[in-house]
Amino acid sequence: MNTPELLILAVGLTVAFVVLIEYVASLIENDKESKTMSRIQVELQEHMGSDASIANAAWTSTYDKSRREDKYDDPEKVADIVRRCVRDGHSVPLESVIFRFWIRMPIFTDRQHMTHRIASHNGLSGRYRTLPSDFFTFPADVEEIMNKTDGWGAASAGSFVALCQSAYDYYRQGLDLLRKAEAEGKVTNSEFKRAREILRAVLPTASMVERTTIMNLVSFANYQRLRNSDHAQPEIRRVAELMLHEVVYAGIAETAIAELFQRGWRIG
Ligand SMILES: Cc1cc2nc3c(=O)[nH]c(=O)nc-3n(C[C@H](O)[C@H](O)[C@H](O)COP(=O)(O)OP(=O)(O)OC[C@H]3O[C@@H](n4cnc5c(N)ncnc54)[C@H](O)[C@@H]3O)c2cc1C
């Protein structure tokens, strides 16, 4: 690549990154506006890899180890190969970047989240843990929609919370009885856990749950394309937005992320 081409590349990437930074900053502004949505939280807990790791993997095919090590000092060469991997669909080197997210979201969003198979997911156990009384609140836009109906109108949000609470009360009451019976030696601990797991089935999908998800950059791009989109439900869209926010502010693989963002998260 000659000097003017490299200059265009560098300017293009800087512009793309500035656009990306502005976009993720606007997500936080939106978050402040919505108390309901702010109940959804994402934390990037760990990550591995960088633009240089992607370049390293890609250059494995063309250079031996000692020759490719010199090239890491040249950010333009690294940026160029990273962009080419995204543009040409050379996706495996992009898998050198891996994220581990902690996510707090309602169960109905978690069900959508779990359809993403190319990831590793861990979740809390209703067998080993008593679930907290913690529900996703009624979103303001849905309240407005319900207000247009002739039936429930403004009462819908209140009934929603009351139903969630009543299910939780049933669950807690069952657990209290089980605990007492266990203390009296009437049920074993394994019976207690078995029953606790089934009692939790009454809890609504508005219950908040926690999940740990590990995914590589290719899977992350797929998630962004599908979920950070007008077609996605607002709640899972919020999860995708917060994931992106975390990744951008951590400054991970900036060239790859900016290039993917610019290309609508499409690889190839
Ligand atoms: C707007 C929207 C609406 C949706 N509506 C519904 C719905 O009504 N009902 C429903 O059930 N789901 C629905 N989904 C979920 C959707 O069908 C996918 O299951 C989900 O988005 C995960 O996408 P994925 O398979 O690309 O991701 P991953 O499972 O992470 O897979 C990533 C990629 O790996 C490849 N891959 C993974 N597994 C296989 C495999 N076994 N064989 C071949 N290739 C594989 C594919 O290329 C795939 O794109 C919806 C999704 C969106 C975004």
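Source: prediction; values computed, not measured.

In the vicinity of the ligand, the contacting residues are Thr115, His116, Arg117, Ile118, Ala119, Ser219, Asn222, Leu226, Arg227, His231 and Ala232. Among the residues making up the shell around the ligand, the classes are represented as four nonpolar, five polar and two charged.

Packing of helix H7 (residues 155–183) against helix H8 (residues 189–199) brings their axes to within 10 Å, and their N-to-C directions diverge by 175°. The orientation of H7 with respect to H8, classified from their angle, is roughly antiparallel. Where H7 abuts H8, its residues Tyr171, Gly174, Leu175, Leu178 and Glu182 lie against Asn189, Phe192, Ala195, Arg196 and Leu199.

Here we take up the sheet that holds strand S3 (residues 120–123). Read across the sheet, four strands follow the order S1-S2-S4-S3 without closing on themselves; strand pairing throughout is antiparallel. Sheet topology places strand S1 (41–48) and S3 at the edges, where each strand pairs with a single neighbour. The average undirected angle you get between the axes of adjacent strands in this sheet is 20°. Where S3 lies against strand S4 (residues 208–216), four bridges are found, and the strand directions are antiparallel. By the bridge assignment for S4, serine 120 is matched with isoleucine 214. Together, S1 and strand S2 (98–106) form the strand contacts of helix H10 (residues 234–249), whose direction differs from that of S1 by roughly 40°.

Let us now look at the domain arrangement of the protein. In terms of domains, the protein is made up of domain 1 (3–125 + 212–262) and domain 2 (140–202). Here the C-alpha centre of domain 2 lies 37 Å away from the C-alpha centre of domain 1.

Here the focus is the nonpolar core. Of all hydrophobic cores here, the largest spans 44 residues; its most connected members are Ile54, Val82, Val239, Met243, Ala256 and Ile257. Broken down by secondary-structure element, the contributors of at least two residues to this core are helix H2 (51–59), helix H4 (75–88), S2, S4, helix H9 (217–227), H10 and helix H11 (254–262). Here this core takes eight residues from H10, the largest share from any one element. Each residue touching alanine 256, except ones within four places of it in the same chain, is listed here: Asp51, Ile54, Val82, Val86, Leu94, Val97 and Leu217.

This part is about unusual backbone geometry. Phi at alanine 253 takes a positive value of approximately 45°, unusual for a residue other than glycine. Take alanine 253: it is sitting in the loop between H10 and H11. Taking the C-beta count within 10 Å as the criterion, alanine 253 has 25 such neighbours and is therefore assigned buried. Positioned with a positive phi, tryptophan 265 is a non-glycine residue whose angle comes to about 65°.

The geometry of H9 relative to H10 is characterised by a closest axis approach of 9 Å and an angle of 135° between their N-to-C directions. The orientation of H9 relative to H10 falls into the category oblique. In the crossing of H9 with H10, the sense of the turn from one axis to the other is left-handed. In contact with Tyr223, Gln224 and Arg227 of H9, H10 contributes Ile236, Arg237, Val239, Ala240 and Leu244. Taken together, the residues that form the contact of H9 with H10 break down as five nonpolar, one polar and two charged.

Turning next to H10. Its 16 residues place the ends of H10 22 Å apart at the C-alpha level, agreeing with the 22 Å of an ideal helix rising 1.5 Å per residue. Residues of H10 that are buried: Glu235, Ile236, Arg238, Val239, Ala240, Glu241, Leu242, Met243, Leu244, Val247 and Val248. Directly beyond the C-terminal end of H10, a positive phi value near 70° is found at glycine 251.

Regular strands place their side chains on alternate faces of the sheet. Pairing of S2 with S4 involves nine bridges; the strand directions are antiparallel. Residue isoleucine 98 lies in a different strand from S4, and its bridge partner there is asparagine 216.

The rules behind these values
- Residues numbered from 1 in each chain as written.
- Predicted model: local features only at pLDDT ≥ 70, side-chain atom pairs only at ≥ 80, totals over all residues.
- Near = placed C-beta within 6 Å.
- Nonpolar A, V, L, I, M, F, W, Y, C, P; charged D, E, K, R; others polar.
- Axes fitted to C-alpha atoms, helices over the stretch in contact; angles between N-to-C directions.
- Helix = DSSP H or I, 4+ residues; strand = E, 2+ residues; numbered from the N terminus.
- Parallel < 35°, antiparallel > 145°, perpendicular 65-115°, else oblique.
- Contact = placed C-beta atoms within 7 Å.
- Pairing = 2+ DSSP bridges.
- Domains from an automatic or database assignment.
- Core = buried A, V, L, I, M, F, W, Y, C linked by C-beta atoms within 7 Å.
- Buried ≥ 20, exposed ≤ 12 C-beta atoms within 10 Å, placed from the backbone.
- Left-handed = near helix turned anticlockwise from the far one by under 90°.
- Expected span 1.5 Å × (residues − 1).

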